[in-house]
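Chains, contacts and geometry: an overview
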Amino acid sequence: MLGRFAPSPTGEAHPGTLLSALLVWLDARSRGARALLRIEDLDITRVRLGWSDQLVEACRWLGLDWDEVVIQSREADAHDEALDKLARAGRLYPCECSRAQRSGGRRAPDGGWAYPNTCRPRPLPSGGWRATNEALRVRLPDDRVDLVDLGGLDLSQTPAVDMGDPVVRRKDGVIAYHLAVVVDDGASGVTDVVRGRDIAPSTATQVLLQRLLGLPTPRYRHHFLLLEPTGGDKLAKLHGSIPWSRLRLHHDGPMLCGLLAYAAGLRPAPHPITPRELLATFDWQRVSPVDRIARWNAERGLAIE
Ligand code: GLU
């Protein structure tokens, strides 16, 4: 059994990042599973080296240890092999649609627009997928994916219609999230994926990609999110509102762990505790499904409501 935490270093770690890391770690360790940290650093337009190192350090500070650390950008050969395989199966096509052409039409379950598979009839150039600078998409089978995650969240979809064919290589050459995540989970032998509920609508697409690549489907569980105080948005690295560099000035690892455990419903009060101490009573039945608001106070630090 292998669980994994797969953050993208596109900003400083924040309380939501650490909540996810903690839940992945508790899930794995409470079942005697191994735990992997994978730094998803493919998006060269958004990633900074310092943020990768900081993610590793922030996890250690919280009291989490990993059996293995994988840097996704070092797995480029595996990503290219997957593209070769999809091309050989006749599944890959170039897409020249602009953002405007991709907007409108049908709403996707993730809140964006479903891609209407406009470029499907376009063949790859005679030199293969490496010979084009356009984005590459995968023609998904029209299958409906029936899937309920371990927390009871219904993830069933017909991804080819509900989301549309996914981009697997962007036009700037970056391997897209859906492909990288599926290939790397498969290569590492990940059996259990625990991640935030914001990614849940992507799961069915990823299941179809696993099937096309002959990879097993792991067990999935999606947890509640920490939200911004205004607007109900997910706390995101983008907003940079509660970066770890500020958090650590007000809190130490056990204090933050206590706050997160309280927010998750695992503790009756936000008292300091270590992840290892939480293991004894960890049980998903007790983890609340309700999103919580994270608020920053200049004097008292983080509060989770
Ligand atoms: N790297 C993705 C993110 O930080 C998560 C990938 C996953 O858990 O599947 O949003």
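Calculation rules
Residues numbered from 1 in each chain as written. Predicted model: local features only at pLDDT ≥ 70, side-chain atom pairs only at ≥ 80, totals over all residues. Heavy atoms only, no water. Pairing = 2+ DSSP bridges. Helix = DSSP H or I, 4+ residues; strand = E, 2+ residues; numbered from the N terminus. Contact = heavy atoms within 4.5 Å. Axes fitted to C-alpha atoms, helices over the stretch in contact; angles between N-to-C directions. Phe/Tyr/Trp six-rings, centres within 6.5 Å; stacked < 30°, edge-to-face > 60°. Buried < 20%, exposed > 50% of the residue type's maximum accessible area, 1.4 Å probe, protein only. Salt bridge = Lys/Arg side-chain N within 4 Å of Asp/Glu carboxyl O.

**Remarks on the sheet that holds strand S11 (residues 301-304)**
- Taken together, three strands build an open sheet; the order of strands is S9-S10-S11 and the sheet is mixed. One side of each edge strand has no neighbouring strand; the edge strands of this open sheet are strand S9 (226-227) and S11.
- Pairing geometry for strand S10 (residues 292-297) and S11, over four bridges, is antiparallel. Following the sheet pairing, Arg295 is matched in S11 by Ala303.
- Along the sheet, helix H9 (residues 253-264) makes contact with S9, S10 and S11, crossing S11 at roughly 15°.

**Quick notes on the packing of aromatic side chains**
- The tally for this structure, following the rule as stated, stands at three aromatic pairs.
- Centroid distance Phe5 to Trp66: 6.0 Å. Interplanar angle 20°. Geometry classified as stacked. Placement of Phe5 in strand S1 (residues 2-5) and of Trp66 in the loop between helix H2 (49-62) and strand S3 (68-71) is noted, with a sequence separation of 61 residues between them. Summarising the burial analysis for this pair, Phe5 and Trp66 share the class buried.
- Ring geometry for Trp61 against Trp244: centres 5.7 Å apart, planes inclined by 75°, an arrangement best described as edge-to-face. Of the two residues, Trp61 sits in helix H2 while Trp244 sits in helix H8 (residues 244-250), which places them 183 residues apart along the sequence.

**Let's talk about the pattern of salt bridges**
- In the structure shown here, the tally under the stated rule is 21 salt bridges.
- For Arg4, the salt bridge goes to Asp185, with nearest N and O atoms at 3.0 Å. With Arg4 in strand S1 and Asp185 in helix H6 (residues 177-188), this residue pair connects regions lying 181 residues apart in the sequence.
- Accessibility expressed as a relative area gives 6% for Asp185, which makes it buried.
- Members of the salt-bridge network, linked through shared partners, are Arg4, Arg38, Glu40 and Asp185.

**A word on the environment of Gln72**
- Inspection of the secondary structure assignment puts Gln72 in the loop between S3 and helix H3 (76-88).
- For Gln72, a relative accessible area of 3% puts it in the buried group.
- With 108 residues separating them along the chain, Gln72 and Ala180 place their C-alpha atoms 7.9 Å apart.
- The contact partners of Gln72, leaving out residues within four places of it in the chain, are Arg38, Ile39, Glu40, Asp41, Leu42, His79, Ala180, Val181 and Asp184.

**A few points about the sheet that holds strand S4 (residues 92-95)**
- With antiparallel pairing, the three strands of this open sheet are ordered in space as S4-S5-S6. In this open sheet, the two edge strands, each paired with only one partner strand, are S4 and strand S6 (167-169). Within the sheet, the average angular offset between the axes of one strand and its neighbour, ignoring direction, is 45°.

**Section: unusual backbone geometry**
- Located in the positive-phi region is Asn117, a residue other than glycine, with phi close to 60°.
- Considering the arrangement of structural elements, one finds Asn117 in the loop between helix H4 (99-102) and strand S5 (135-138).

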